[in-house]
Structure formats: C-alpha cells, structure tokens
Amino acid sequence: MKWLVLLGLVALSECILILPLRKVKTLRETLREKNLLNNFLEEQAYRLSKRDTNIATHPLRNFLDMVYVGNITIGTPPQEFRVVFDTGSADLWVPSITCESPACKTLSTFNPQNSSSFRKAGQPVTLVYGSGLIRGFLGSDTVRIGNFVSLNQSFGLSVEEFGFDGMPFDGVLGLAFPSISLTGARPIFDNLWSQGAFSEPVFAFYLSKSKPEGSVVMFGGVDHRYYKGELNWVPVSHKRHWQISMNRTTMNGEVVACSPGCHATLNTGTSVIYGPKEMVTNIHKVMKAKPKDSQYVVSCDAVNTLPPVIFNINGIDYPLPPQAYIIKVKNSCLSAFRGGLEALSPDTWVLGDVFLRQYFSVFDRENERIGLAPAV
C-alpha cells in the first residue's frame, strides 16, 4: 500500500457521503529541499452513477503526491484521526495512547479510558505493509465516517510502529476484501453494509490532478459530475485485492509490457505505478529515461514529446499522458514507474494514484467489479 488523507466530513446529500480532498505542498518537495528525499524513498519504497440515497462524500488531502488522508472518529465521545483510505489492505488501525514508538509521538492516539463504548478484545496483532509494520492489540468501538456509523467495529491499536516515521497520517482504513484482513476482523465497509448503511454497496475515488482542493472519496453511490462519459465495468479477477485482468501495455503502437496479458491491482494507498522490473525497464527505454539515485529521470524539455503509456483493460484503452506519468520537482523530471514486483508476482502491476488521478474509479463490492471513466 501507499498513502491517502481526509481533512473533513461533508455530506452532500442525505444518502451519499462525499468526502473532499485538498492538495497541498507535497512532502516530496519538502524532503528534496532539505536533501532528505533519497533517504525517505529508500525507507518507504513500498509500502464514484449518481444515486439519491446513501451517498457520503469525504474530502481528502494530498501529501507527497503519495498519500490522501481523511478524518474519521472512534469512540464515545468521538476521538478524531487522520487515516489513509486504502484499497490495498482490509484492516483499520490507529495508534494507542500507550504507543511509545517515535512515529507515534506526533500523532493523534486513541485513549480507551476516554470512550464509554470501547471494548477490548485483547488479541495481539501484527500488520505488515510495504513501508513498515505495526504491532498492537484488537479492540472494538463506534467508528464514524461522516454520517455513517459502524457499531462494535473491530480495529487495531498500535503499541509499536516501524517504518511510519514522518508520515502525515495516524492510521489506515482498509477497503479491500475481507479475505486479506490480517486481524480476522470484519472490515468497516462490510460492517456498514451489513448494518444497512448503504442502498448501494460501492465506494469511489476522485483524485484531483492539479487543484489544491477537490479530491473526494464517496460511499454508498456515485456522483456522475466527477467523470466524463460512461463508466466501463471490469470484473474483479481475484477477490482478495481489487485485482483485474489487463490485456497489454503499449507505447507508440508497440507492446512494451503485459504481453500476452497480466494482472493489475487498483490501489489508492500507492502513489505511483509498480510493475515487474523487466517490463518497467522497457517503458523507460522508450522514454529514454536514465537512472538517478533510486529513480529514473528524463529531460524536462522532452516531456511534451513523450508518447502516452496505454493500458488496455477489458478491451478498452486507458492512455496515461506524459504529463501524468512524469513528476516535475524543481529542475528534475522523474518517472512515476517503479520496478520490483517480480518477486511477488511476475505478471502483476499496481496502478496507484498516478493512474487514478486520470480515471475516476468505482469499487462495487456486491457485483465484484471496478468501474473506470475519465476524470473531469
């Protein structure tokens, strides 16, 4: 997974919850200014059709072009936390007040003694992510996302955290399938679904391309104002992660990767695009990208002449223009493609925020499919 931010809860209708996102100066820029970017990247290598009922929209805030964070509350009275809304994991956790790891020192921590509705399960948990891990224990309490309330929601409380130092969020709210829950707890989306919170069990993301504000995650339905044309539906091929089949990837009319077909997961907790190293190398060759530190760079003068990278999914082309896959930081132009997934799977890609900023995405649990359409 990689990272996400929610800064407020705004209900746009009585049935659809839509939470907005706001873009700010990125952590990447801040780290580069302080000559700390390379160290950070080495340490953190991995890590919505409109309905009139039950749609909740949440604002998200963009940090580092790697993380969108939003606010939830836990407990009675509510204690507020900034969490990553992550389609790449299935567990909810926040730091415990007893956490003494350096990462917890600047975070909001949960105090069970201040919540009359908290129940301790006591079961120890360890949650492992690409960028780190947490150790702690399970509890249950009332969790709120906007106007949606999940009663007796199980969640993890960290007492040790590794690899999360400096991250601009308190915890993670997983939105993947229950089968990948490391705690064995029912994910919050499934709890809300079973409690009748949604008339339509879907959630969706709109990630703003350039505006400081405007990104949202929505629950319970889809607002058509955030995309152009029609949603194209793709069946989920693996009901653990939000994984789909991909036909091929082309540049300049030539297949550069994913032949004769591969898999891709759509992951809102990942900032860039990961793939097998050999295939990513093919893409960088067409770009004429050169290695620099832990990344690949291209001449900034050549960005507008680069070809789009075209992902063909379910027979439909999804072009990614160079302005989307090249990240400009000061005088450097960096590729958003990263290799290294072949150790996990020789034919699997992770399409993160770089792709999802271009395409509005709908995650339909009931029909086990993903809807994609060009974002406005």
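Up top you'll find the structure we're talking about.
Fair warning: this is a prediction, and the values are worked out from it, not measured in the lab.

**Student:** With reference to specific residues and values, describe the overall build of the chain.
**Tutor:** Scanning the chain for helices and strands turns up 6 helices and 30 strands. When burial is assessed residue by residue, the chain has 59% of its 376 residues classed as buried. For the chain, the exposed area adds up to about 15000 Å²; of that, 48% sits on carbon and sulfur atoms.

**Student:** Account for the sheet that holds strand E25 (residues 326-329), naming residues and giving values.
**Tutor:** The strand order E21-E22-E26-E25 describes an open sheet built from 4 strands, whose pairing is antiparallel. Only two strands of the sheet have a single neighbouring strand rather than two, namely strand E21 (290-292) and E25. Adjacent strand axes in the sheet meet at a mean angle of 45°, parallel and antiparallel pairs treated alike. In this structure, E21 lies alongside strand E22 (residues 295-298), joined through 3 bridges in antiparallel fashion. Bridge pairing in E22 places lysine 290 opposite valine 297.

**Student:** Quick rundown of the packing of aromatic side chains? Include the residues and the values.
**Tutor:** Under the defined criterion, the tally for this structure stands at 27 aromatic pairs. Ring geometry for tyrosine 129 against phenylalanine 164: centres 6.1 Å apart, planes inclined by 80°, an arrangement best described as edge-to-face. Taken together, the positions of tyrosine 129 in strand E8 (residues 119-129) and phenylalanine 164 in the loop between strand E10 (148-162) and strand E11 (171-174) put the pair 35 residues apart, joining distant regions of the chain. Exposure remark for tyrosine 129: the relative accessible area of 11% places this residue in the buried category. The class for phenylalanine 164 is buried, based on a relative accessible area of 4%. Taking NZ or CZ as reference, lysine 120 lies 4.9 Å from the ring centre of phenylalanine 137, over its face. Directly above the aromatic system of tryptophan 233 lies the positively charged group of arginine 369, at a separation of 3.7 Å from the ring centroid.

**Student:** Hey, could you go over the state of the cysteines for me, with residue numbers and the actual values?
**Tutor:** This model, assessed by the stated rule, comprises 3 disulfides. For cysteine 99, the disulfide goes to cysteine 104, at an S-S distance of 2.1 Å. Between cysteine 99 and cysteine 104 the disulfide shows an S-S torsion of about 65°. By sign, it is right-handed. Both residues of the pair, cysteine 99 and cysteine 104, belong to the buried class. For cysteine 258, the disulfide goes to cysteine 262, at an S-S distance of 1.9 Å.

**Student:** Go over the nonpolar core, please, and point to the residues and values.
**Tutor:** Ranked by size, the top nonpolar core spans 82 residues in total, and within it Phe85, Phe219, Phe337 and Trp349 carry the most contacts. In terms of residue count, helix H4 (residues 277-287) provides more of this core than any other element does, 4 residues in total. Setting aside residues up to four positions removed in sequence, phenylalanine 337 forms contacts with Ile273, Val280, Ile283, His284, Met287, Val309, Phe311, Leu320, Tyr325 and Trp349.

**Student:** For the sheet that holds strand E17 (residues 248-251), give the residues involved together with the corresponding values.
**Tutor:** Strand order in the open sheet formed by 4 strands is E18-E17-E23-E24, with antiparallel pairing between adjacent strands. Looking at strand neighbours, the two that pair on one side only are strand E18 (254-257) and strand E24 (316-320), the edges of this open sheet. The average angle at which neighbouring strand axes cross in this sheet is 35°, direction not considered. Pairing of E17 with E18, which is carried by 3 bridges, proceeds in the antiparallel orientation. Paired with threonine 249 across the two strands is alanine 257, which belongs to E18. H4 rests against E17, E18 and strand E23 (309-313) of the sheet, and its axis sits at about 130° to E18.

**Student:** An account of the pairing of strand E12 (residues 202-206) is needed here, citing residue identities and associated values.
**Tutor:** Burial of E12 is extensive: 5 of the 5 residues sit out of reach of the surface. Of the two faces of E12, the one carrying Val202, Ala204 and Tyr206 and the one carrying Phe203 and Phe205 are both buried. Two elements, E12 and strand E29 (residues 359-364), share 4 bridges in a ladder whose sense is antiparallel. Residue pairing across strands places phenylalanine 205 opposite serine 361, the latter belonging to E29.

**Student:** An account of the pairing of E29 is requested, with residue identities and associated values reported.
**Tutor:** The element E29 is extensively covered by neighbouring structure, given that 6 of its 6 residues are classed as buried. By the alternation rule, side chains of E29 split into Tyr359, Ser361 and Phe363 and Phe360, Val362 and Asp364, which are all buried. By the bridge criterion, 6 bridges tie E29 to strand E30 (residues 369-374) in an arrangement that is antiparallel. What sits directly across from serine 361, in E30, is leucine 372. Connecting the antiparallel pair E29 and E30 is a turn made up of 4 residues, with glutamate 368 showing a positive phi of about 50°.

What counts and how
- Residues numbered from 1 in each chain as written.
- Predicted model: local features only at pLDDT ≥ 70, side-chain atom pairs only at ≥ 80, totals over all residues.
- Heavy atoms only, no water.
- Helix = DSSP H or I, 4+ residues; strand = E, 2+ residues; numbered from the N terminus.
- Buried < 20%, exposed > 50% of the residue type's maximum accessible area, 1.4 Å probe, protein only.
- Areas by Shrake-Rupley, 256 points an atom, 1.4 Å probe, with all protein chains shown as cover.
- Pairing = 2+ DSSP bridges.
- Axes fitted to C-alpha atoms, helices over the stretch in contact; angles between N-to-C directions.
- Phe/Tyr/Trp six-rings, centres within 6.5 Å; stacked < 30°, edge-to-face > 60°.
- Lys NZ or Arg CZ within 6 Å of the ring centre and 35° of its normal.
- Disulfide = S-S within 2.5 Å.
- Core = buried A, V, L, I, M, F, W, Y, C linked by side-chain atoms within 4.5 Å.
- Contact = heavy atoms within 4.5 Å.

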